[in-house]
Every structure is written in structure tokens, then in C-alpha cells.
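# Observations on chain architecture
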Amino acid sequence: MNTHPMKLVTVICEALARDHLTRLLAAVGAHGYTLFAVEGEGSQGRRPGDIAEFSNIQVEVVVQPAIAELLLTRLQAEFFPRFAMIAYASDIQVLRPGKF
Amino acid sequence: MNTHPMKLVTVICEALARDHLTRLLAAVGAHGYTLFAVEGEGSQGRRPGDIAEFSNIQVEVVVQPAIAELLLTRLQAEFFPRFAMIAYASDIQVLRPGKF
Amino acid sequence: MNTHPMKLVTVICEALARDHLTRLLAAVGAHGYTLFAVEGEGSQGRRPGDIAEFSNIQVEVVVQPAIAELLLTRLQAEFFPRFAMIAYASDIQVLRPGKF
Amino acid sequence: MIDAIQANLLSPAVLFFALGLIAALTKSDLKFPEPLYVGLTIYLLVAIGFKGGVAIAEAGIAKVWLPALAAMALGALIPLWTYPLLRFGGKLSAVDAAAIAAHYGSVSAVTFIAATNYLKAINQPFESYATAFLAVMESPAILVGVVLGKLATKRAGEKSGASIKTAMHEALFGRSIFLLVGSLIVGSLCGESGMAKVEAFFVTPFQGVLALFLLEMGLVAGRRLGDLKKVGPFLLGFGIVVPLINGALGVYLGKLTGLELGGATLLGVLSASASYIAAPAAIRMSLPDANPTLYLTSSLAITFPFNITLGIPIYLEIARKLYS
Amino acid sequence: MIDAIQANLLSPAVLFFALGLIAALTKSDLKFPEPLYVGLTIYLLVAIGFKGGVAIAEAGIAKVWLPALAAMALGALIPLWTYPLLRFGGKLSAVDAAAIAAHYGSVSAVTFIAATNYLKAINQPFESYATAFLAVMESPAILVGVVLGKLATKRAGEKSGASIKTAMHEALFGRSIFLLVGSLIVGSLCGESGMAKVEAFFVTPFQGVLALFLLEMGLVAGRRLGDLKKVGPFLLGFGIVVPLINGALGVYLGKLTGLELGGATLLGVLSASASYIAAPAAIRMSLPDANPTLYLTSSLAITFPFNITLGIPIYLEIARKLYS
Amino acid sequence: MIDAIQANLLSPAVLFFALGLIAALTKSDLKFPEPLYVGLTIYLLVAIGFKGGVAIAEAGIAKVWLPALAAMALGALIPLWTYPLLRFGGKLSAVDAAAIAAHYGSVSAVTFIAATNYLKAINQPFESYATAFLAVMESPAILVGVVLGKLATKRAGEKSGASIKTAMHEALFGRSIFLLVGSLIVGSLCGESGMAKVEAFFVTPFQGVLALFLLEMGLVAGRRLGDLKKVGPFLLGFGIVVPLINGALGVYLGKLTGLELGGATLLGVLSASASYIAAPAAIRMSLPDANPTLYLTSSLAITFPFNITLGIPIYLEIARKLYS
Ligand SMILES: Nc1ncnc2c1ncn2[C@@H]1O[C@H](COP(=O)(O)O)[C@@H](O)[C@H]1O
Ligand SMILES: Nc1ncnc2c1ncn2[C@@H]1O[C@H](COP(=O)(O)O)[C@@H](O)[C@H]1O
Ligand SMILES: Nc1ncnc2c1ncn2[C@@H]1O[C@H](COP(=O)(O)O)[C@@H](O)[C@H]1O
Ligand code: NA
Ligand code: NA
Ligand code: NA
């Protein structure tokens, strides 16, 4: 079968950053995203997830490699200094490359 | 340590497809799956996730490469034309290859 | 951009193992983790996710390769015999290697 | 009539609905988490079903079966007249016409509940067993709609039987119909003595819970308002005029089958209402080529708000005319 | 007795439980999201605990301590007689026998709550402070069961002390026992004046909430019914006969320690009930080799439905015999 | 005064709050899932807003506007005197001082609700329209605090206008303020006749729901207690002394603007309370360099428990002194 390489960028960050983040995703040209609430622990302490305002979200976005690079660059410049978060990229294979 | 290559197939789709999808997973020979509710945005609009019937699920399934291929092929043929969804495969390493 | 290879270890297990697992993560030297509730089906039956005590969690942890190896080894020795669970590792790219 | 409408518009339920609409339009970050939505839905369906069951036990099945049968027939027939209207009047594709027709033949439980609340608020008596009509009217239209859609499309190599079976299963065993019918039976088995035990939970706070739920429904409907321009002027008119016609039909049939003024009004409301949960789910599975924007927007963003605000008092007024 | 059973079977709570069972058996997609389950559990435990605490404050600790001590002892002793029965009668492995014995010594709060509701419905007075027995009976059996299991198995190189400590922590600080004991203390500090403030939330709608919750419990139990064939005929009989024996023991002990008929019935119910949340959690952690299908199916799919439907009126009948 | 404090400490609401603190301190696994927290918050805000709106409709806007304006002014001014205290007395960085000042000028809805409950419990009448003061006092302090923080820091190349706009949006359209103001308006449109319909849900069980919610707030506050050592002795004192001063100011201003004893007490409570949801969210977005441990710990783990337990009866006592 004909699969095509694509990048999955995962962002785990405080829920307050949600609007900023979805706006950034649109700005760099992502065609969609998936989002859900998570609990977590990291260098900025524990986030137990009972109050939405104090908890975390995980955002997953499938994009072309060039957009992944752009997205990570902007996350590093604009988000890392402000928000409790981590972000990483990984390699995936998709079927409909035109969709992303 | 002795890890073994395996495939992780991730499907994000409208929640209504749930039963169809789990039946397909069983049909192609997956030994298990993991599922959770997500919100999302894509070419078919925004899915805010307050009404189960209108929202999304993410399904993750660890399978052998051959089954991953079969699963993706059938998803493309039977699911892509009907449902709002994306699907992708990625490479993972597991410890108990017999389990999958 | 300068990304660095890192390992993502994903554990899906019965919710009761939660405290054991987070203690193990700290013990092997992970700097954080992310956690959420999931439903699932596997060799030990279906876990429908309406009663927390009977359901599953998914835990994701970004670590250096050596720690991933140690974590998987200990999961295999101490957790696989006791709990309904799966665990796998995958390759990711991060920006701030010092964070993990 | 102006009075009746004003009384409705200034009720907490309708005002909270409006507040939800405003929240959606001003993009406030207010939202109800899904488990809260589910919890409220379960409560409302169980409460209305239980109450209806107790009322059936009181009234006896002899009084209920005829109007219930009429209600079922009405639900099945509405798609048959709305389909050609949509297809030829609205120039919609066959599958979209069938899908929308199914929604308008089926019913909205929340609209029904809001109507019972309204009648209670203005001290208009009604037959509590009308919940039985709600229960039997949900499914028939969906089946008729799916058959219409299948006949009209017949995709190469597809077995339309399977789709109809899927739709039937959704329509008969979906959670909302199951809860409603189940609670109706439970209520009819318990009767008044069972009611005495659970009244403080299922009856006394009911109106307040409904008000809170309509806040959420305002949010849900409001998010769809942006799609109004996508559906075009025909569906906009359809979503208001067809409920008026169906409402009048329902009221008239209620009178024919021996209901009192209150019960006939409720049958009118059911007939006028359009489904936005059960029908979309069934149609999505059985007629995947139908465009959800069209059927969801018309039932959820046009007909539902219209009925909640203006429709309900209008159907009462029609009934009053007919019974005077 | 037929009357007593029929009154119970036709109560909203039991009928909704049956509805849940049917939903599970017909594979309806009805389900309660986890937060709703948690919310209902918190409400029920806090309400019953608070009410019990107020009752203790009224009655005085002098009346409560003796039957409470007896309840604790009973909980600890039940595993000692059921273990050999399971081991040698049922030919179960040592660890499975210990695990199941722990479940039947421990208690089910929902069964207790359903019993208080039943007594209230038939106007049978009872000592409200019986909630204290519920609170003290949850843990002892779990500890005894874990010790039995550990003694019997002793895996190579394992420190059984750690497991017992884990079980103890689960049994004493788990959320259900914490909520129950905590609310009991809060209630006993507030007394009647505190009760007046929160009665409209914790008491008046209680029966209705319980009915809704039993719908969910029917779903949960029903999903386990498929495992009945896996547990075999011995456990099936065990899950019905042992509660009857324990129930009679509990009633008898209640009389011995000076309880009235209502209180003795409740002690019987507690003794007859089997845990399906606290014990499974503790046993899973402390005796991981025990097979969950066995202990969950017998407590949740056999004993729990039996007690809810037939057991409760039977234990009352036993009490009536003993007190007449 | 000892009596007043004791009455408060032994109320179900405060005791459940203590139970939540204990659960957090003993690391019990008790927790409220987020949707339950959201559901309880929505209920409390809608209920208090609706009730306040009905009260405004009764009293007439003529009575409300002056003290409401005073409340707004008070909110805006509190940061102006607390900022220098924090900056120079507490030697905090400019941005941390501004952030904390914003929290203490803004208000805590739960503290307000607990205070109305307390007054009702001891039969102290109060102006129900005081909810209007709660609604108008949330935002001004946040804006002032953000401006202070921005003026003091001015990061290279940053446009502080954008941050202030973000804060303004959060402060005015955030879900809590939207729900509160919206329900206030709905209530004022419905008046007493609307209240009659929803009273059984929004008023009767209110105190019990609050008690349950304070259990969760105890958990949330208790988890922050571990951070007390990180904030140092200055903030510990600040979190208790400043509310006392602000409380007295509020009571005094209430008297000046014509409120009765009850209303003045509530204005004191609002003035004394510190925000822990709306302000943190707005500050996190607008002053990201401010340290959340400082402002969250002081408002949530020091001032909130202090007000809930001792503060409220003290502000009443101050009002009694002033009005006698
Ligand atoms: N090493 C890690 N692995 C997985 N998730 C992490 C890790 N570190 C941080 N996180 C997540 O990212 C959130 C913010 O991290 P931090 O800024 O380090 O507090 C945490 O609450 C976790 O959910
Ligand atoms: N590029 C993407 N990255 C991540 N998730 C996506 C992406 N595109 C779509 N999705 C998810 O898949 C669902 C269906 O996509 P669509 O069919 O494009 O509407 C969306 O609601 C999202 O949850
Ligand atoms: N092949 C698989 N793919 C994805 N998730 C799985 C798979 N097998 C098991 N799981 C998850 O791991 C949990 C425990 O698995 P098991 O021990 O096989 O019952 C299940 O409930 C699923 O959530
Ligand atoms: Na209809
Ligand atoms: Na027992
Ligand atoms: Na303040």
C-alpha cells in the first residue's frame, strides 16, 4: 500500500494556552488538530486536572515536515518562555497526503 | 534489552463510527485496542465534544506490520468515504511481540 | 532547526496501577509524565471506563534512551506479571534535550 | 396570543436558552463538559418517562392506544409529504431531501419537555401520558426517511437492506429511546406509590434542571448559527413554515382521536418538532452521503429555537381555536 | 414474605436496576460517563454518612459502640469460615479462596442504602446510626483475606508485609471509606441543626438519586453476567447461599447486641452483602494472582442482584421471625 | 464573636471544607472529576446570579447602582494600596506584586456564597441584590493589576496593549463572569414568577450543594498547603491581615452607600476575598512572568480558608460594631 511520510507534532501544555495554540496552528497552515484534557507532572509542578483552568491539554497535529519545523520554531520562540509545556515531533505514515 | 518492532495505528474519527471500527479491528486480527474521547477540527468542521453523538474518538491499536497494512487498506476503502476521520501508522518497539 | 532524538514510552494499564507506576517513573529518573483515562480491550477482557477503579489509564513519558531502556526492563520484571497492561517505546524529536 | 408568547419568552427556561445562544455568539468560553450533558439528558428522559408511565397506569391503556397509534402514523407520514417538497421545491438532492424529511417526522424530546413545562406554568391542564406519543414517534419517520433515501440513491453494489437494519437498530435501541421507553414502563409498573418515593428528585426540581439544560442547548444551537448562510433561504423558510403546518396537523389529529386541549397541543408540538440527536445519528450511519450541515442546521439552529420560543405558544393558540 | 418481596420488586429503585440489566443484556449503547458515576457515588456516600452521623449524635455513642464492635468482629470472622468452604468445598486455589472470602466479609454500601430505602418505604423504623456499622465493616475482612492469601501462597522472595500494608492503606484510606467516615464525623458534629440546612439536598431527593444510580449499577452488573459461565455452579450457589447464612448471622448478632428489629435487619444486610469496589481494588493490589473474574462476578453479578431484589426482604423476614 | 465563629465552624459547609483539607493532607485518593467540578460551579453561579437578579427586580435599580459603583471603585483601588505594600514591604518583584494585588482586589464567588449562607443560617437579613456587587467587582482589579505590572516591567519590544486587551477579554468574557452576569439579567427579567418555577432546584437544595462543593474546594486548597513554605512569612501575614483591612473598608463603604447591616457585611466579605480562578487565568495570560505559586498559594491556601472559617464571622462582627 502507498503510505506517505508525514510529521505528527504533539504539544502538552497548560489549558490556558489553548486559544493561543489553535491560532498558531492555523497560522502555520495546519489543516486540523485533535485535542484532549490530560493530567501531568513536570518541572512546573503537578497539574491534577480537576479544575479546567489549572490543568493540561494534549494537542496532536499532523502536518508536512516543513510545517512541523515552522511550528516547532515558533513554539520555541513564543510559547516555551510563557507556558508550562512540552512539544515533540515524530514520524508517521499516512494514506492521503493531500489532506495534511 | 530485546525490543521488537511493531506498528501503532492511530485512528481519529467521529464517535458514531465506533462500533464499525471495533468490528473492523477484530476482523483484521488486532488483539486489543485503546480508545478515548477527543475534540478536534478538520476539513469537516469543528467537533466540540460536549455531545457524544457529535464528537470524536481516538483509537490506538498495536499490531504487526502486515495487519497494519491490511487495516489501513480497509480503512481507506470502507471508512474514508463515509466518516470524518484521519488515520496514520507509526513505528514502535515492544517487549512481548507474541501479545500483538 | 536543531531537534534532538528522545524516547517516548507509552504505558496503558489498569488504573489501579497508577501510584505504583508514577513511583517507578520517579525512580528511574523521568522528569515528568502525562496521564489520561482511556477505555480498552485486550487479553484480560474489556474495560469500559465508567468506574475509575475498573478502568484504564494511558501514561506517556518522554525520556532519554537509556532511561527508556531501564523503564521498560523494570516494567517487564515488576509490572507485566501483575497488571493488565501494554507498554511500548517510540522515537521522537525534541527541542530542549536538557528538559528530559 | 401575544400574551401567551410573552409568557413563554420571559420564562427562565427560554431566557437561559437565549443566554446560551448569546454565549455561543460572543464566543464566550462557557461550555458544558460532555458528562454533564449526558447526566442532564439522562435525568430529563428518565423523569419525563417515569412521570408519563405513572400517568398511563392511572389513565389505563384503553385511553392511550388510539392517539398513540395516530401519533406513530403521523410521524411516518410527515416524511412522505416533506420529501417531495424538499426535493422539488427546494431542489435538494434525493438523499438530502430524505434525510431532512426523516428529521422533521421524528421528534425532539427537549421541545416536548419545554412544552409540558410551559403548559404547567400557565396552568393549562394536559394528559401526562402524552409522553407515550413522544416515545412512539421517534423511530417511524427515521425508517421511512432511510427507505426513501435508499430507493432514491441505490449506490452500485450496495445492499440497502443492511443500512435499513442499521437505522432500525439505532432508532429502536439508541440510548434516548431506550431510556424513555424503559422509564415509561418502570413508571407504569410503579404507579402513584412509586411516584411518591422519587417525586422529590424527578418532579420537584424538574423545571430548574430544564432551565439549566436549555442554557447548554442554547450553546449547542448557537454554534450552528454560523451555518445558516450555508443552508440557503429555502431551508430557512422550511424550518419555520413546515413546523407550523405539522403543528396544526398534530393538534387536529389530537382532537380527532379524543385528546383534550392540552394533549392535542402536545401532539402538535411533537409533530412540529424536528429531531437533532436520534435522527442525525441514525441518518449519519444509514445515509452517509447526506450532508449533515443541512439537516443539523435546519433542525437545531432553525426549528428548535423557533419552537422553543414562538412555536409552543402558537400551537397552543391553534388548539384553543380548534377547541373553542 | 411474598408481599415483602413484591413490594421491593415493584419499587422504582429495583425496577431501574432491572432496566440497567436489560440495557446491558440487549447491548444498548446506554452508559453513564465516569464523572457521573463518581458524582452519584460521592452524593450517596456523603448523604448516608452525614445522616448516620447526625443519628449517632442523637443516640449517643453509648448505644452505638457495642453493635459496631460486633459488626467489625463479624466482618473479620466471615472470611475465616468462607475460606475453607471455598478452598475445599469449591476446590478453588488458595489465593482465589482468600480473595473471595475477603469480598464476602466486606460490605456493599449500595446494598445497605437500598435496604434503608426499602425499610423506609414500608414504614419499618430502624436505627439511622446503623451507617456506623457500614463504616466499620468495610476493612477488617479485607485485611483478614489478604493475610489468608499471603500465608497460603508465600511466593519466593516476596515480602508479604508490604502487600498487607498496601491492602491496609487501600482499606482504610480509599475514597469510599474516607468519604463515609468523614461524613459520619461531620454529621455527628453538626447534629440536627446542621441537618436542617442540608436536608433538602441530602435527604429529600435521596430515593430518586438512588433509583438513578441503580440504573447504572444494573448496567455494571449486567455486563458481568456473561462471565457467569466462567465461574461455574459452585460459585453460583455460593453467591446466594452464603449471603443467606451471613444475613441470618448478622440479624442474630444484632438482636444479641441490643438492636431493634430494623437495625438488626440492616446488620443482616451488611453481613450478607459482598464488596465490589473497595475489596476488588485492595485485593487486586495485594493478591495480584487472584483471578478478578471469580471475585467480581460472584459479588457483582450474583450476590449484589440477589440481595437487591430478594435478599433484603428475606433478611427482614428473618428478623421478624426472630423478634416475634 | 466567639459564638459567631463557632456557629460558622460547626456548619456543614465549613466542616466539609475541613474534610477536604484533611483528604488532601492525608493523600487520600478522593478527587472530584473535572466535569463534576464544572457542574457544581455552573449550578452555584447560575443559582446565585438568578436569585440576585430577582432581588434586583424587586428592589429596583435605583437602590443598587450607588453601592455597586462603590464596590467597583473599591475593587479598582485595592491593588493601588496593596501593590506598594507587596513591592516594598514584601520585597517582591514588580510583576509578582502587581499579580498578587490584582488577586486581592478581585473577588471569590465561593467566599461570597458561603457568607450569604452563613447569614441565612444565623437569621441575619441581607440585601439579596448584593450579588450585583460580586458581579461588578471581579474585573476592575484585574485590569488595574495588569496595567501596574506592565508599567513596571515593559519587556523589550513588547506591546503591553495586547496584554491588557487579553486581560480585559478574560476578565469580562470569562465563563464565570458571563454566567453570573447572564443569570443576574435572566433573574431580573423573570422576577418572582420565574423564581417560583425554579426555586425547588436553584434555592431549596442550594446549601447542601454548597457543602459538597466546599469538600472539593478543601481538596483544591489542601493540595496547595505544601507550597506555604515557598511563599514565606510575609505573604502568610499578608494573606490574613490584608483581608481584615479590606473587609473593614468594605463594611464601612457599605454603610456609607446606604446598605443595611447584612449588605455591608457582604461588601466587606467581597472586599476581603481574593480571586483564585478568574484572576489567575487572566494574570497567567497577561503577566506570564509572575510566579503562580505566590499568587495562587496566598489566595487559595491562606486567604480562602481564613475567610471561610474565621473571616466571615469577623466581618459580620465589624458590621455589628459599626451599625450599633
Ligand atoms: N518528561 C515528560 N514526559 C511526559 N510529559 C511531560 C514530561 N515533562 C512534562 N510533561 C508534561 O508537560 C506538562 C508541563 O511540563 P512542565 O513545563 O515541565 O511543568 C506537564 O504537566 C506534563 O503533562
Ligand atoms: N491535520 C490533522 N491533525 C490532527 N488531527 C486532525 C487533522 N485533521 C483532522 N484531524 C482530526 O480528525 C477529525 C476528522 O477530520 P476531518 O474529516 O478532516 O474533519 C477532526 O475532527 C480532527 O480531530
Ligand atoms: N493491541 C493493542 N493495541 C492497543 N491497546 C491494547 C492492545 N492490547 C491491549 N491494549 C490495551 O491495554 C489494556 C490491557 O491489556 P490486556 O492486558 O491485554 O488486557 C487493554 O485494556 C487495552 O487498553
Ligand atoms: Na416532528
Ligand atoms: Na458482608
Ligand atoms: Na477582594
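Structure report, in brief. Because the structure is predicted, anything quoted here is derived from the model rather than measured.

Residue and element names in this part refer to chain F. Every protein donor of the sodium ion (ligand 6) is accounted for by Tyr104 (O), Ser106 (O), Leu270 (O), Ser271 (O) and Ser273 (O), and the metal-donor separations fall at 2.4 to 2.9 Å. For leucine 270, a relative accessible area of 0% translates into the label buried. In this structure serine 271 comes out as buried when scored by relative accessible area, which is 0%.

When chain F is brought onto chain D, the operation consists of a screw motion whose angular component is 120 degrees and whose axial shift is 0.0 Å, with 0.0 Å RMSD remaining. Here the two chains are linked by the operation of a three-fold rotation axis. Considering only C-alpha atoms, the part of chain F nearest the rotation axis is proline 35 of chain F, at 3.7 Å. A distinct binding surface is used by each copy, with only 5% of the interface residues of chain F retained as interface residues in chain D.

Moving on: the site of ligand 2. What surrounds ligand 2 is a group of 19 residues, the closest being Thr34 and Lys99 of chain A together with Ser43, Gln44 and Asn56 of chain B. Those elements that place two or more of their residues in the shell around ligand 2 are strand S2 (33-42) and strand S4 (56-63) of chain A together with strand S2 (33-42) and strand S5 (85-94) of chain B. Among the residues making up the shell around ligand 2, the classes are represented as 8 nonpolar, 7 polar and 4 charged.

A few words now on helix H15 (residues 292-323) of chain D. All names here are of chain D. Here H15 contains 32 residues, and its C-alpha end-to-end distance of 39 Å is more than 12% below the 46 Å for a straight helix at 1.5 Å per residue. Asparagine 307 marks the point of greatest bend in H15, at about 55 degrees. Taking burial as the measure, the 32 residues of H15 include 24 buried ones, the bulk of the element. A side-chain oxygen of the first residue of H15 lies 2.9 Å from the backbone nitrogen of threonine 293; this N-cap is asparagine 291.

Moving on: the arrangement of the chains. For chain C and chain D, which are not in contact, the least C-alpha distance works out to 11 Å. What separates chain B from chain F at the closest point of their C-alpha atoms is a distance of 11 Å, and the two make no contact.

Right, let's talk about the site of ligand 3 for a bit. In the vicinity of ligand 3 lie 19 residues, with Thr34 and Lys99 of chain B together with Ser43, Gln44 and Asn56 of chain C positioned nearest. Neighbouring residues of ligand 3 are distributed over chains B and C. Contact between ligand 3 and valine 62 of chain B: a nitrogen atom at 2.9 Å from a main-chain N or O atom of the residue. Between ligand 3 and glutamine 44 of chain C, the relevant distance is 2.8 Å, taken from an oxygen atom to a main-chain nitrogen or oxygen of the residue. Look at ligand 3: alone it shows 470 Å² of surface, and the protein chains cover 99% of it. Secondary-structure elements contributing two or more residues to the shell around ligand 3 are S2 and strand S4 (56-63) of chain B together with strand S2 (33-42) and strand S5 (85-94) of chain C. Residues belonging to the shell around ligand 3 are distributed by class as follows: 8 nonpolar, 7 polar and 4 charged.

Here the focus is the coordination of the sodium ion (ligand 5). When a metal holds four donors in a tetrahedron, each ideal angle between them is 109.5 degrees; when it holds six in an octahedron, the ideal angles are 90 or 180 degrees. All names here are of chain E. Distances from the sodium ion (ligand 5) to its protein donors, namely Tyr104 (O), Ser106 (O), Leu270 (O), Ser271 (O) and Ser273 (O), fall within the range 2.4 to 2.9 Å. Ordering the donors of the sodium ion (ligand 5) by residue number gives the pattern Y-x1-S-x163-L-S-x1-S. Of this pair, serine 106 sits in the loop between helix H5 (94-105) and helix H6 (109-121) while serine 271 sits in helix H13 (residues 261-272); the two residues are 165 residues apart in sequence, bridging distant segments of the chain. Both residues of the pair, serine 106 and serine 271, count as buried.

Reading guide: rules and limits
- Residues numbered from 1 in each chain as written.
- Chains lettered and ligands numbered in written order.
- Predicted model: local features only at pLDDT ≥ 70, side-chain atom pairs only at ≥ 80, totals over all residues.
- Heavy atoms only, no water.
- Donors = N, O, S within 2.8 Å, 3.2 Å for Na, K, Ca; no water.
- Buried < 20%, exposed > 50% of the residue type's maximum accessible area, 1.4 Å probe, protein only.
- Least-squares fit on C-alpha atoms with pLDDT ≥ 70 in both.
- Contact = heavy atoms within 4.5 Å.
- Near = heavy atom within 4 Å.
- Helix = DSSP H or I, 4+ residues; strand = E, 2+ residues; numbered from the N terminus.
- Nonpolar A, V, L, I, M, F, W, Y, C, P; charged D, E, K, R; others polar.
- Expected span 1.5 Å × (residues − 1).
- Bend = angle between axes of the 7 residues up to and from the residue.
- Polar contact = N/O pair within 3.5 Å; in protein donor to acceptor, adjacent residues only side chain to side chain.
- Areas by Shrake-Rupley, 256 points an atom, 1.4 Å probe, with all protein chains shown as cover.

Everything listed here is a matter of coordinates, which is why it stays silent on function.
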